[in-house]
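A closer look at the structure
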Amino acid sequence: MVGETWSPEWFLQNETASLERLADESFWRSIPLLNCTELHNLSDGCLVRFRGLVQDQKDSEYYLESYNVHCKTTGSILRRQNGKFRDILVCNGATERVEQGLTEGGTLGERRSIVVVSVPGQNRWASEYEEQTNGAGSASTTKDNVVEGSEPRAAVKRALETEMEVDADQTCATGPVASNATKRVATEHSAPPPHSATTVLSADYLLNSPISDRPSKACLVKVYGNFDNWTINSVIEAVGFLSVHPSLDGSVDATEDPAFEDELPEHQANNPPPSLIPRLHAVSIRKLAHTNPILQAQGPGVEESLDIDGTLHMKDLHNLLTQCLFGDRIAADYVLCHLVSSVYIRDEVESRGQFSLNLSNIPGEVLPGYTESFYELLELLLPASHYFPMTLESMNTIQFAPKKDYTTNKLTSGLLQLAPHTHLVLDETRLQAGKLEAAGVEAVQHVARLIKNQRLKYDFQYYQLEFNTDVPVLILSEGRSMLPSNWHLPIIPDLDAIKLIDETIKAGRHYVTPKLGEIRRCLTAARIRSFDMKTLDPAIVEEDFVRMRTANSDVSMDDLHNLVVLARLLGISGGKRSLEREHWERAKELEKERQNRLEMFVKRKNEP
């Protein structure tokens, strides 16, 4: 299986063998990853990968799946040409022509474009690891994705060169036919006609990164089946043929007809420069359970390898968190549970498993530096996270939820459109006295809904649609947060630890550095691997719930569900594979301590 290059034609002729080859993990990972490979190192039509978050889905488009290529002089049919996995009609503009339609035997196919962005909020260590494991290795295979029996590279090269020679009338996308008032420019460097209507969409607008100050890469992935499998907010990795022909760039298009000026922004938004947003015609797509490149590099199933060594690393992490939380071991228990939390049950009404945590009573004398330092520690551990200072300006000006822009027919992203398991740290200690504007009030509502239901409302102006999310939220505040949370825990700091907290965090970073790889692996593996909840006798839970209700009539079913979630996360963070009695008992102890703290702080607040 060595010595030949993949092409759309070869793939279609050998589809079964090709898909079997892609099932080979080592071959899959040898394919260049667009996330960390420069486009100038890649050739149009080569086999590539792209990994990221499904941000938007476009309407279905129809294209010429196959068509006849005619001789310009005689009109005779020269060949039957495949149009699948391509944006450009393949013909020699000097001697050949294609009748774009069904009048001369062309067949239509259906495909759909999905907008995929690299994981928003991906932390620096994860990006660097991704580049180390995919960038350099992929460069050697950039021009030579090889499979036995494939079309010779020279033939593919000639075909690509032929495509580049196509004249203006034949250089066109094989997707939906654009309005006849929108004319494709003849060459890459041509200027629009005089007095023609033009528009300019910025690169930031086209890339549409959820976190504006941490821009993502973007790719238009074109899928040819199973359209409903690739849902918004899921994380995927797609393999397919790269399409970066310059004629795909709609930003250089113009219209001479004023009646179609309004269509131009949408046309340009749907046809961004391929040098900025390449196209990938997918032949195979995987859904990813996580965004940790360490586990991705080790292949599927590695999450089951969390053993006693992993448990010891989790204990090291607990000790580190204790020291960096002013010596508060209870707070470290809750933060560790937060780090391994995820939604594990979801229906139309509610979700279970989220562990949004509000840590309050952060000593004022260590602010504002402490919250950022603590986040930077978490940033070392998590593949994706984002720190958001809740200032009045940021709350009033930043878009939190996606909105539909009907001028360009584009879904503009928001801060909360994040990949599953991206930890959002909200620093409420930065909030000063002042007025939240309408946008700020709406932002608070979006965050509250995300915390309570793990759902986010997308604004389509005329209606709203809810989409599922799985974003753990950690709120750092001095008093109780204005936002809801599943758990509110006031920290009880050691007075000596307060004075030495800067040195403690620095020492903690130094201490954890040699163990970071294992801790990162263990945190992700613990969160995504299977965990058996049926091993705890339900009678124990029922009896304890009756006793709690007898002692306090305010105890609700939500409190019971939260207690079960806490017990589950204690088991997971302890490296166990099933729920045991000791986890349940420990959960009750932690909740008793937390309730005592809450009552203590209420009494202090009410004291004259």
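Residues numbered from 1 in each chain as written. Predicted model: local features only at pLDDT ≥ 70, side-chain atom pairs only at ≥ 80, totals over all residues. Heavy atoms only, no water.

1. Focus on the side chain of S341
In this fold, S341 is placed in the loop between α10 (329-339) and β10 (345-346). Note on S341: relative accessible area 2%, which makes it buried. Within the structure, S341 has its side chain in polar contact with the backbone oxygen of H338 (distance 2.8 Å). (Helix = DSSP H or I, 4+ residues; strand = E, 2+ residues; numbered from the N terminus. Buried < 20%, exposed > 50% of the residue type's maximum accessible area, 1.4 Å probe, protein only. Polar contact = N/O pair within 3.5 Å; in protein donor to acceptor, adjacent residues only side chain to side chain.)

2. Thoughts on α10
In terms of residue burial, α10 counts as a mostly covered element, since 10 of its 11 residues are buried. Those residues of α10 that fall on the buried side of the exposure criterion are I330, A331, A332, D333, Y334, V335, L336, C337, H338 and L339. The backbone nitrogen of I330 has a side-chain oxygen 3.1 Å away, supplied by the residue at the start of α10, namely D328.

3. A short note on the environment of A282
Within the fold, A282 resides in strand β9 (residues 279-287). The sequence separation of A282 and V223 amounts to 59 residues, and the corresponding C-alpha distance is 5.5 Å.

4. A few points about the packing of aromatic side chains
On inspection of all chains with the given rule, the structure shows 17 aromatic pairs. Considering the side-chain rings of W6 and W10, the 5.6 Å spacing of their centres and the 45° angle between planes classify their relative orientation as tilted. On the basis of an interplanar angle of 85° and a centroid distance of 5.5 Å, the ring pair of F11 and F85 is categorised as edge-to-face. With F11 in helix α1 (residues 8-13) and F85 in the loop between β2 (77-82) and β3 (96-98), the pair connects residues that are 74 residues apart, well separated along the chain. Just as F11 is buried, F85 falls in that class too. Taken together through their ring pairs, the aromatic side chains of W6, W10, F11, F27, Y63, F85, Y224 and F241 make up a single cluster. Seen from the ring of Y63, R111 lies directly overhead, with NZ or CZ sitting 4.4 Å from the centre. (Phe/Tyr/Trp six-rings, centres within 6.5 Å; stacked < 30°, edge-to-face > 60°. Lys NZ or Arg CZ within 6 Å of the ring centre and 35° of its normal.)

5. Concerning helix α2 (residues 15-22)
Those residues of α2 not exposed but buried are S18, R21 and L22. Along the axis of α2, the buried positions cluster into a sector of 100°, meaning they face one direction only. Those residues of α2 that are exposed and angled more than 90 degrees off the buried face are T16 and E20. Summarising the contacts, the buried residues of α2 are in contact with α1, α3 (25-30), β7 (235-243) and β9. (Arc of directions from axis to C-beta. Contact = heavy atoms within 4.5 Å.)

6. Considerations on the pairing of β7
By the criterion of burial, β7 is predominantly enclosed, with 9 of the 9 residues buried. Both strand β1 (residues 47-71) and β7 contribute to a ladder of 7 bridges, which runs antiparallel. Residue L47 lies in a different strand from β7, and its bridge partner there is F241. (Pairing = 2+ DSSP bridges.)

7. Some thoughts on the nonpolar core
L321 and L325 are the most contacted members of the largest nonpolar core, which totals 63 residues. Non-local contacts of L321, meaning those with residues more than four positions away in its chain, are made with A332, V335, L336, L339, F374 and L378. Within the second largest apolar cluster, 26 residues are counted, among which are M390, A443, Y458 and V473. (Core = buried A, V, L, I, M, F, W, Y, C linked by side-chain atoms within 4.5 Å.)

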